[in-house]
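# Fold and contact review
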Amino acid sequence: MTQPPLDPGLLQLEPGLLWVQHCSDGPIPRASASAVQAYLERELKPWTVDFQRDDLELPAAVRREAARAIGASLEDISLTPNTSSGLVTLAQALDWGAGDEVLAPLGEFPSNAWPWKALEARGVCFREVPLWEGHRAGVGSWDSSAPQVTDDPEGRILAALGPRTRVLALSWVRFQDGLKLDLRRLGEACRAKGVAFVVDGIQGAGCAVPDLSWVDAFATGGHKGLLAPQGLGFLWTAPSFRPRLAPTGSWLSVEQGSDFSRSSTDFDRAWLADGRRLEPGTPDILSCAALVESLRTLNAVGVDSIQAHIRELQVHLLDRLARGAWGAEAARLKALLGADRLGPILAFHHEGRGVQGMLRMLSEATALGIHPSVREGYFRIAFHGWHTSEDADRIADCLEALS
Ligand SMILES: Cc1ncc(COP(=O)(O)O)c(C=O)c1O
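The following paragraphs examine the structure supplied in this document.

Thresholds, definitions, all that
Residues numbered from 1 in each chain as written. Predicted model: local features only at pLDDT ≥ 70, side-chain atom pairs only at ≥ 80, totals over all residues. Pairing = 2+ DSSP bridges. Helix = DSSP H or I, 4+ residues; strand = E, 2+ residues; numbered from the N terminus. Axes fitted to C-alpha atoms, helices over the stretch in contact; angles between N-to-C directions. Contact = placed C-beta atoms within 7 Å. Buried ≥ 20, exposed ≤ 12 C-beta atoms within 10 Å, placed from the backbone. Core = buried A, V, L, I, M, F, W, Y, C linked by C-beta atoms within 7 Å. Domains from an automatic or database assignment.

Where strands meet in a sheet, backbone hydrogen bonds hold them as pairs that are either parallel or antiparallel. Overall, mixed pairing links the seven strands, which are arranged 2-8-7-6-5-3-4 in an open sheet. Every other strand in the sheet has two partners, leaving strand 2 (77–80) and strand 4 (125–129) as the edge strands with one partner each. Taken over all neighbouring pairs, the strand axes of this sheet differ in orientation by 20 degrees on average, direction set aside. Sheet topology places strand 3 (residues 101–105) next to strand 4; five bridges connect them, and they run parallel. Pairing of Pro 105 across the sheet is with Val 129, part of strand 4.

Attention now moves to the environment of Ala 365. Considering the arrangement of structural elements, one finds Ala 365 in helix 10 (residues 354–367). Taking C-alpha positions, Ala 365 is 11 Å from Ala 396, a pair spaced 31 residues apart along the chain. Not counting residues up to four positions away in its chain, the partners in contact with Ala 365 are Ile 370, Pro 372, Cys 398 and Leu 402.

On to unusual backbone geometry. Notably, Asp 340 is not glycine yet its phi reads approximately 60 degrees, a positive angle. Mapped onto the fold, Asp 340 is located in the loop between helix 9 (327–338) and strand 9 (345–349). Classification of Asp 340 by C-beta neighbours within 10 Å gives exposed; the count is 10. A positive phi angle is found at Glu 351, which is not glycine, with a value near 50 degrees. With respect to the helices and strands, Glu 351 occurs in the loop between strand 9 and helix 10.

Ordered by their spatial adjacency, three strands build an open sheet running 9-12-11, and the pairing between neighbours is antiparallel. If you trace the sheet from one side to the other, it starts and ends with strand 9 and strand 11 (373–375), each paired once. Mean inter-strand twist for the sheet, computed between neighbouring axes without regard to direction, equals 35 degrees. Pairing of strand 11 with strand 12 (residues 378–382), which is carried by three bridges, proceeds in the antiparallel orientation. Across the sheet, residue Ser 373 finds its bridge partner in strand 12, namely Arg 380.

Time to look at the environment of Ala 121. Following the sequence through the fold, Ala 121 ends up in the loop between helix 4 (114–117) and strand 4. The spacing of Ala 121 and Ala 98 is 23 residues in sequence and 9.3 Å in space, taken between C-alpha atoms.

Attention now moves to the nonpolar core. Ranked by internal contacts, the top residues of the largest apolar core, which has 103 residues, are Ile 70, Leu 168, Phe 197, Val 198, Val 199, Ala 217 and Trp 236. Each of domain 1 (52–300) and domain 2 (302–402) contributes no fewer than three residues to this core. With residues near it in sequence (within four places) discarded, Val 199 still touches Leu 170, Trp 172, Leu 183, Val 215, Ala 217 and Phe 218.

Just distances and angles here, no functional claims.
Listed below in C-alpha cells is the structure:
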C-alpha cells in the first residue's frame with residue numbers, strides 16, 4: 001500500500017476519530033483556515049485590503065487552481081457560490097421553448113433537479129430515467145435494488161434521449177449509490193444528437209479528474225472532496241458551449257468592469273467571453289481565501305495520485321470484507337470498482353436492514369469514533385488522499401462487528 005499522498009498533518013484530524021464522509025463535508029486544511037483568518041484581519045482594517053490583490057487576483061488564483069484540479073483551462077471557470085447556483089445559472093442562461101425537455105437519471109441529488117424543475121412554468125419538462133432494473137428513488141428509495149456491474153446505466157440514459165431533449169443533466173458520481181457514470185460515452189452521444197451535456201461533479205471533484213472532452217458544463221461546490229468550507233464552488237463551461245448561454249453576470253463580467261479609470265456608469269461595454277460572464281458579481285472573498293489554499297493542497301500532490309490512492313484503499317477494504325457478513329456487498333462493489341464504475345464513495349446497500357437498522361449501525365460506528373454517513377438505503381464510506389490502510393482495516397473491523 002502506498003503512502004497517503006496528502007499528509008494528514010495538513011489537516012486538523014482528531015486522534016482516534018475517523019472521518020469518512022467528505023461526501024457530506026470535507027475537512028479543510030489548516031492552511032485554508034489560516035488564510036481566512038489572515039483575510040479577516042485585513043477586513044478589520046479595510047485600508048489594508050487591496051482591491052487589485054484581494055478582490056481580483058485572489059479570485060483569479062482560485063479559477064487557475066480550480067482549472068488545474070479538473071484538468072481544464074482557467075478561462076472556462078466561473079466562480080459560483082455552490083453546485084446548485086452553477087446549475088441554476090445554466091438553466092436560466094439557456095434559451096428554452098415550450099415542450100423542451102431536460103433528461104436526468106432517477107434519484108439525482110436535488111441540486112440537479114430543482115434548477116430544471118423551476119423551468120416547468122416555462123413549459124420545460126424534467127424527466128427522470130431509472131438506471132437499472134428495480135431502481136427506485138423518492139419515497140421508494142429504500143426499496144431500490146443496488147446497481148450491479150452487469151447493468152448498463154449509460155445505455156438506459158441514451159435510449160431515453162427523445163426528440164425534445166435539450167439537456168442531459170446528471171451527477172458524475174451519484175451521492176447515494178456511489179456509481180460513477182461514463183462521461184465520454186454519454187457526452188459523445190449527446191454531441192451527435194445536439195443535446196447539451198451538463199454534469200454535477202461535486203462527488204468526484206478533488207478525488208478524480210473528469211474527462212471533460214465531451215462535456216458541455218461541469219458544476220461543483222467546494223465543500224466536499226475539494227476540502228473547502230461551504231460558500232464557494234465553480235462552474236466549468238466548454239468554450240464551444242458558452243456562446244449558447246445568455247450572460248448572467250454583472251459589473252465584473254464586462255470588459256474593463258474593474259477599471260475605475262473608466263467611468264463605471266459607462267454601460268457601452270461588451271460582455272466578457274470567458275467564464276466571468278456567468279459570475280454573479282464579486283465572489284465571496286473569505287471563501288476564495290480558503291478554497292485557493294485547499295485547491296493548492298490538492299494540486300501539490302495531484303488529484304490523479306489521490307484517485308489512485310483511494311482506489312487502493314477501496315480494494316483493501318473490500319478484500320477484507322470478502323468472507324464475512326458483508327461478502328455479497330463487497331463482491332458487488334469490487335466488481336463495479338474493477339469496471340471503473342465507482343467514485344470515492346463505497347456505498348453498502350442496506351440489504352433488508354432498513355432505515356432503523358442503518359441508523360443504528362451509524363450511531364454504533366460513531367460511538368467507535370468512525371464517521372460514515374447513511375443516505376437513501378446506503379451506508380457510505382468515502383476515502384480521500386489522507387486515509388491509510390489502517391483506517392480501512394478499522395472500518396472493516398467495525399462493519400464486521402456491526403453486521
Ligand atoms: C451530487 C450532489 N450535488 C450537489 C450537492 C450539494 O449542492 P450544493 O453545492 O448546491 O450545496 C450534493 C451534496 O450532498 C451532492 O451530493
